[in-house]
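The lines below spell out each chain.
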Amino acid sequence: MADLTERDVPTRIDTTKASIARVYDAALNGKDNYEVDREVLRQVRQVAPEVNQLAWDNRDFLIRAARFLGTQAGITQYLDCGSGLPTAENTHQVVQRVNPEAKVVYVDNDPVVLAHGRALLEENEHTHFTAADIFRPREIIENETVRAKLDFTRPLALFQVGTLHHYDERQDEGHRSPGEIMREYVDALPSGSYVVIAHFFDPESEPYSELARKMEERFVHSPMGTGLFRTRAQIEDMFPGLEMVDPGITLCTKWWPDGPRIKPLDQVQYCIVGGVGRKP
Ligand code: SAM
C-alpha cells in the first residue's frame, strides 16, 4: 500500500461501491447510504435475517463502554479509530455528558464521513477529526491532530469498535496480524490507558459457527468485500499485555447490559464480542 496522508484519502464518493461506514449506517436505519450499501445487507440477510442486530449490539456496546470509561475509569481523552457516520449517540456526546471537557479525536478514511460526518462530529472545541488509516498505528500515533489534541503522558482510551474485522492481513502488504497492529498501539499508550474492541466472532460451536462462516462468506463476496469472524484466541491477541475489565471478552450484548434480559438472543448476537482492557 502507498503512504496515505490526509490529502490522499479519497474525496470522491463512489456510489457503485459499498462502503463500510454506509453499510453500517444502513444497518442502524440511518439516511446516509445508497442502494449498493443496502444490497450488502440484503445479501447477508439471506443467511442471517437479523444481521442489523450485529450493528446495534456493536453500537450499544460502544456507548456503554464509553460511559464506563468516563464515569468510573476517569478517562478524559479518547482516540476513536473508525468513527463511522454520526449517529444519535456518538462517543463525544457520551463522554462529554460526563465531563464536558473530555477530549475526543475521531479517525476515519471514508469520503462520506469526511464530507459531512466530520462537520457534525467536530461540534465543539474538544472534539476533533482526522483522516488516516487506522490499521497503520505508527501514522495514527504520530498524526499531527492526535498529538496536538491528546496528551500521551496521561491515560487515554483507544477505541477500535467494529473496525478490526474489516482488516485482512492477507490483503495487507506487511501481512501483520490484528494482534501485531494492536501491540504497536498499546506500546505507545501510557500506563492506565484503556483499549476498547468489538469484533465479529466465530464462537467455534454450532450452530453459531456455521452462521458466522456463512455471514463472512456473504460479507467478503458482497460489494463491501470485508467482514471477518475471528475466534476467541485471535481476539484475545488484540489485547496484548492488558488486564481485562470484568467480564473480559464477552458477547457485546452481555457486556454490562442496561437491564435484565427477558427475550432470547437472536442467533447473530452470538457472533459479535466486545472487551475492555487496561494497560497496567
Ligand atoms: N466505531 C463506530 C461504531 O462502532 O459505531 C463505527 C464502526 S463502522 C462499522 C467502521 C468504521 O471504520 C467506518 O466508518 C469505516 O469507514 C472505518 N474504517 C474502516 N477501515 C478503515 C481504515 N483503514 N482507516 C480508517 N477508517 C476505517
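Residues numbered from 1 in each chain as written. Predicted model: local features only at pLDDT ≥ 70, side-chain atom pairs only at ≥ 80, totals over all residues. Heavy atoms only, no water.

As recorded by an unreviewed UniProt entry, the protein carries the name S-adenosyl methyltransferase and is attributed to Tamaricihabitans halophyticus.

(A) Representation of the site of the ligand within the structure. In the vicinity of the ligand, 19 residues are found, and the nearest of them are Tyr24, Asn58, Arg59, Gly82 and Asp108. Between Tyr24 and the ligand, the recorded distance is 2.6 Å, taken from a side-chain N or O atom to an oxygen atom. Here a nitrogen atom of the ligand sits 3.4 Å away from a polar atom, N or O, in the main chain of Ala132. For the ligand, the protein covers 95% of the area, taking 600 Å² as the surface of the free molecule. Elements with a minimum of two residues in the shell around the ligand: helix 1 (20-27) and helix 3 (52-71). For the shell around the ligand, the residue count by class is eight nonpolar, seven polar and four charged. (Near = heavy atom within 4 Å. Polar contact = N/O pair within 3.5 Å; in protein donor to acceptor, adjacent residues only side chain to side chain. Areas by Shrake-Rupley, 256 points an atom, 1.4 Å probe, with all protein chains shown as cover. Helix = DSSP H or I, 4+ residues; strand = E, 2+ residues; numbered from the N terminus. Nonpolar A, V, L, I, M, F, W, Y, C, P; charged D, E, K, R; others polar.)

(B) Highlighting the packing of helix 1 against helix 2 (residues 35-45). Taken N-terminus to C-terminus, the directions of helix 1 and helix 2 make an angle of 65 degrees; their axes are 9 Å apart at the nearest point. In terms of orientation, helix 1 and helix 2 fall into the roughly perpendicular class. Of the two elements, helix 1 crosses helix 2, and the hand of that crossing is right-handed. Contacts from Arg22, Val23, Ala26 and Ala27 of helix 1 reach helix 2 at Val36, Asp37, Arg38, Val40 and Leu41. Of the residues assigned to the contact of helix 1 with helix 2, the class counts are six nonpolar, no polar and three charged. (Axes fitted to C-alpha atoms, helices over the stretch in contact; angles between N-to-C directions. Parallel < 35°, antiparallel > 145°, perpendicular 65-115°, else oblique. Left-handed = near helix turned anticlockwise from the far one by under 90°. Contact = heavy atoms within 4.5 Å.)

(C) Broad picture of the nonpolar core. Counting 57 residues, the largest nonpolar core has Leu54, Leu69 and Val276 as the members making the most contacts within it. No other element matches helix 3, which puts nine residues into this core. Formed by 32 residues, the second largest nonpolar core is a distinct cluster that contains Cys81, Ile141, Ile181 and Leu265. (Core = buried A, V, L, I, M, F, W, Y, C linked by side-chain atoms within 4.5 Å. Buried < 20%, exposed > 50% of the residue type's maximum accessible area, 1.4 Å probe, protein only.)

(D) Local environment of the pattern of salt bridges. Per the counting criterion, the structure on display carries 17 salt bridges. Across the pair Arg42 and Glu35 runs a salt bridge, and its minimum N-O distance is 2.2 Å. Residue Arg42 is classed as partly exposed on the basis of its relative accessible area of 34%. Glu35 sits in the partly exposed class, given a relative accessible area of 45%. One salt bridge connects Asp168 with Arg170, and the closest N-O pair in it is separated by 2.9 Å. (Salt bridge = Lys/Arg side-chain N within 4 Å of Asp/Glu carboxyl O.)

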